[in-house]
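Observations on chain architecture
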Amino acid sequence: MRVVVATAEHAVDVESWAHRARRGKRPLSRCYGPAPVSEQARQALEIVRKRAPNAAPTVGLVLGSGLGGLAERVQDATIIEFADLPGFPVPSVEGHAGRLVLGTLAGKQVACLQGRVHLYEGHSPQTVVPMIRTLSLLGCATLIATNAAGALDPDATPGSLMLITDHINMQSGNPLVGPNDEAFGPRFPAMDRAYDAELAQWLREGAKTLGIALREGVYLATLGPTFETPAEIRAFGVMGANAVGMSTVPEVIVARHAGMRVAAVSVLTNLAAGLSKEDLSHEQTLHYSALAADDLQKLIIGLLAKL
Ligand code: HPA
């Protein structure tokens, strides 16, 4: 195994990556190397190609807690269990099925990750890499992510939706740590436009047309599995967060590294810790995400139709 040491030398590598990539050459740096997670993605791609030879998805969807229902609406579906795909970890949490669903939704070929894994299940951040890279290898240029989150804005109604415009990673890990695979993207990818402005605008317009209230703001990801303390929520508010959850950020990082356009929407299933008298629980998350599922599905179908 090669050990990568972070030094100022990496600043030079960024230049050489971009420069050599433009000339179709491999980077010179020794911080690039074979990534096992990419190999798993390539193996998973082979299996998907065999099981769904006609699938040519252009949009990947990550369906969060209790939001997997959208996958049921996929037409001419081919369903592949995560257990059959190298590098696709099987979720252990209720509300997460663990299936890749390929087919047509709103006239677009899609690949849905029905259920996701979370770092609190004991996975490293790198665990999400093969799944997202498989979507990229399949041809998905866009990733639409959904999740359940707690609202920091006290006037948010449980069951309402929030467009994610940016994120704060408080998970103390990054899925791109390790050897960089330059076939997907650069060593130091930018995250300043992680959430695509045009997709966000289409979601705003779609929500208006459909009469769906769509808040917007910054999503902050914690490691979990504990819900936050009220003091943490106050601190996150000062940091600029509007919603808090335990997912999505790793997938978005890997997707952006691979050059995918990203849109993400949270279902605000509760007011965050300290903002309401209601006890926080996963049952509450599933209850309110089920209530919001219909609006969220309509919103995403509207977005797919525009793509
Ligand atoms: N905190 C973290 N994750 C969540 C919450 C919350 O309040 N609600 C749903 N997922």
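Residues numbered from 1 in each chain as written. Predicted model: local features only at pLDDT ≥ 70, side-chain atom pairs only at ≥ 80, totals over all residues.

We now examine unusual backbone geometry. Look at the link from Gly224 to Pro225: it is a cis peptide, with omega at 0°. By the secondary structure assignment, Pro225 is in the loop between strand E7 (214-222) and helix H6 (230-239). One non-glycine residue, Ser172, lies in the positive phi region at around 55°. Since 9 C-beta atoms lie within 10 Å of it, Ser172 is described here as exposed. (Helix = DSSP H or I, 4+ residues; strand = E, 2+ residues; numbered from the N terminus. Buried ≥ 20, exposed ≤ 12 C-beta atoms within 10 Å, placed from the backbone.)

Neighbouring the ligand are 13 residues; Ala148, Gly150, Val244, Gly245 and Thr285 lie closest to it. Counting residues per element, the ones that place at least two in the shell around the ligand are strand E5 (142-151), strand E8 (243-245) and strand E9 (261-271). Counting residues per element, the shell around the ligand draws most heavily on E5, which supplies three residues. Of the residues assigned to the shell around the ligand, the class counts are seven nonpolar, five polar and one charged. (Near = placed C-beta within 6 Å. Nonpolar A, V, L, I, M, F, W, Y, C, P; charged D, E, K, R; others polar.)

With respect to the helices and strands, the residue Glu39 is situated in helix H2 (residues 36-51). Given 15 C-beta atoms within 10 Å, Glu39 falls into the partly exposed group. Along the backbone, Glu39 and Pro130 are 91 residues apart, and their C-alpha atoms lie at a distance of 8.0 Å.

This part covers the packing of H2 against helix H4 (residues 129-138). The interhelical angle for the contact between H2 and H4, taken along N-to-C directions, is 50°, at an axis separation of 8 Å. In terms of orientation, H2 and H4 fall into the oblique class. When you trace H2 past H4, the crossing you get is right-handed. Counting all contacts with H2, which are made through Val37, Ser38, Gln40, Ala41, Arg42, Ala44, Leu45 and Val48, the residues of H4 involved are Val129, Pro130, Arg133, Thr134, Leu137 and Leu138. Grouping the amino acids of the contact of H2 with H4 by side-chain chemistry returns nine nonpolar, three polar and two charged. (Axes fitted to C-alpha atoms, helices over the stretch in contact; angles between N-to-C directions. Parallel < 35°, antiparallel > 145°, perpendicular 65-115°, else oblique. Left-handed = near helix turned anticlockwise from the far one by under 90°. Contact = placed C-beta atoms within 7 Å.)

Before going further, it helps to examine the confidence of the model for the protein. On average, residues of the protein score 87 in pLDDT, and 87% of them reach the 70 mark or higher. Below a pLDDT of 50 lies the segment residues 1-23, which in the model reaches 26 contacts outside its immediate sequence neighbourhood of four places, other chains included. With pLDDT under 50 throughout, residues 25-34 is counted as low confidence; its partners more than four residues away or in other chains account for 25 contacts. (pLDDT = per-residue confidence, 0-100.)

Within the secondary structure, Gly60 sits in strand E1 (residues 59-63). Residue classification places Gly60 among the buried positions, given that 27 C-beta atoms sit within 10 Å. C-alpha separation for the pair Gly60 and Thr142, spaced 82 residues apart in sequence, amounts to 6.2 Å. Dropping the residues within four chain positions of it, Gly60 is found in contact with Ala111, Leu135, Cys140 and Leu143.

Quick look at the pairing of strand E3 (residues 99-105) now. The buried fraction of E3 amounts to six of the seven residues, a majority that puts the element mostly inside the structure. Examined bridge by bridge, E3 and strand E4 (residues 108-114) share seven bridges and lie antiparallel to one another. Within the sheet, the bridge partner assigned to Gly103 lies in E4 and is Val110. The loop that links E3 with its antiparallel partner E4 comprises two residues; one of these, Ala106, has a positive phi angle of about 50°. (Pairing = 2+ DSSP bridges.)

Within a regular strand, the side chains alternate between the two sheet faces. As judged from the four bridges shared by strand E6 (residues 160-170) and E9, these two strands associate in the antiparallel manner. Across the sheet, residue Leu161 finds its bridge partner in E9, namely Val267.

Position of Leu223 relative to the elements: it lies in the loop between E7 and H6. Along the chain, Leu223 and Ser172 lie 51 residues apart, while their C-alpha atoms are 7.4 Å from each other. Those residues in contact with Leu223 that sit more than four places away from it in its chain are Leu119, Tyr120, Gln171, Ser172 and Met246.

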